Amino acid sequence: MGMESSFVWMNGELVPYANATIHFNTPALHYGLAVFEGIRCYDTVSGPAIFRSREHAERLLASARILGFRDLPWTVDELMEAFRLVVRANQFTECYIRPLIYLTGGGWNLNIDGGQPALAISTWEWKNYLGPEALENGIRANIASFTRHHPNVMMTKAKISGNYANSVLARTESMRLGFEEAIMLDPQGYIAECTGENLFLVRKGKIITPPISAVLEGITRDSLLTVAKDLGYEVVEQMIARDQLYIADEVFVCGTAAEVIALREIDYRVVGSGKMGPVTRQIQTVFHQAVRGDYARSADWLDPVYLPETPSPALHLPITAPASRPL
Ligand SMILES: Cc1ncc(COP(=O)(O)O)c(C=O)c1O
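For clarity, every value in this text was computed on a predicted model and none was experimentally measured.

Per the secondary structure count, the chain includes 9 helices and 17 strands. In terms of C-alpha radius of gyration, the chain reaches 20 Å, essentially the compact-globule figure of 20 Å for 327 residues. Out of the 327 residues in the chain, the part that is buried amounts to 53%. Relative to all contacts within the chain whose residues are 6 or more apart in sequence, the contacts with residues 24 or more apart total 69%. Only carbon and sulfur atoms are counted for the fraction: they give 53% of the accessible area of the chain, which is about 14700 Å². Here the chain holds 29 positive side-chain charges and 36 negative ones, and the gap between their average locations is 4 Å.

In this section: the pairing of strand β12 (residues 206–209). Residues in a regular strand point their side chains to alternate faces of the sheet. In this sheet, β12 lies alongside strand β11 (residues 198–203) in antiparallel orientation, the contact comprising 3 bridges. Paired with R203 across the bridge in β12 is K206. The loop that links β11 with its antiparallel partner β12 comprises 2 residues; one of these, K204, has a positive phi angle of about 50 degrees. Judged from the 3 bridges that link them, β12 and strand β13 (residues 235–237) form a sheet pairing that is parallel. Within β13, the residue paired with I207 across the bridge is V235. Between β12 and its parallel partner β13, the chain crosses via helix α6 (residues 219–230), and the hand of that crossover is right-handed.

Conventions we followed
Residues numbered from 1 in each chain as written. Predicted model: local features only at pLDDT ≥ 70, side-chain atom pairs only at ≥ 80, totals over all residues. Heavy atoms only, no water. Helix = DSSP H or I, 4+ residues; strand = E, 2+ residues; numbered from the N terminus. Rg over C-alpha atoms; globule rule 2.2 N^0.38 Å. Buried < 20%, exposed > 50% of the residue type's maximum accessible area, 1.4 Å probe, protein only. Contact = heavy atoms within 4.5 Å. Areas by Shrake-Rupley, 256 points an atom, 1.4 Å probe, with all protein chains shown as cover. Lys, Arg positive; Asp, Glu negative; His and termini not counted. Charge placed at Lys NZ, Arg CZ, Asp CG, Glu CD. Pairing = 2+ DSSP bridges. Right-handed = clockwise from strand over helix to strand, strands pointing away.

Here it is as structure tokens:
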């Protein structure tokens, strides 16, 4: 996976990719004291645009607040502008955007107040997290032997870097077993989410997803709930037991990286027809339209990277870019 770019945004400056490094003695690395976002920029009818940029910026600051950072210097609007800037600086049309607020310069006494927050934003051209095959044919998953976070052990509403050791344990196990994704149960034994996706099932035309109490408030999840209601589906948020997945007509998962993916087999049991079902396909199709600017809500959900009146990338190059690079 190529994660290269020309520039990484670091604390207000565009730093050449090779120089975007941090010191080994950074507590974020040792204790997972960082919060991050995963955001996508799509090539839309009105040029490159960031999908639900405001919601991602808000969730980044919410994660920071949950971890305990205080008095952060960045506003939602400044974050959104920095996301646009890093895409423009790299002249990407479709990319993934990864902001990360990390603890630096102190914090070794396990007190977040001992260090300072820093912000960096990287971007790279990342087309398909689970591959094009998965988009069309769905994937095979199993229930992880690892439990998802207890809401009072790790904070489930925050994308805290350290939280993701739990996802890595589960996904590594599933992939070593030959599956493509892990479904994680909450500490009570109900379905929580996948390692980087929220989960939905369809039964008798009704769409069901777990309540947000123990899972990440996925922005794709929110978009799909809206799309499903727009399409006239009955949608309910309720606890889901493992065996409800076995007898569902369709199961699908969603996230910024994965988009909308059918689960065609769970724990060696074929789900529904064993292919992507009609409801999943319809929602996937509308989601793809929405992110490319072709849906009634697209204008609200997409933040263009270039100003509409001056669409040429050359006019939007960052003034802070190092002069040494021919832009
Ligand atoms: C644990 C977890 N659940 C769900 C999601 C999906 O969230 P979103 O749709 O906002 O990307 C993600 C990815 O961000 C995640 O890491």
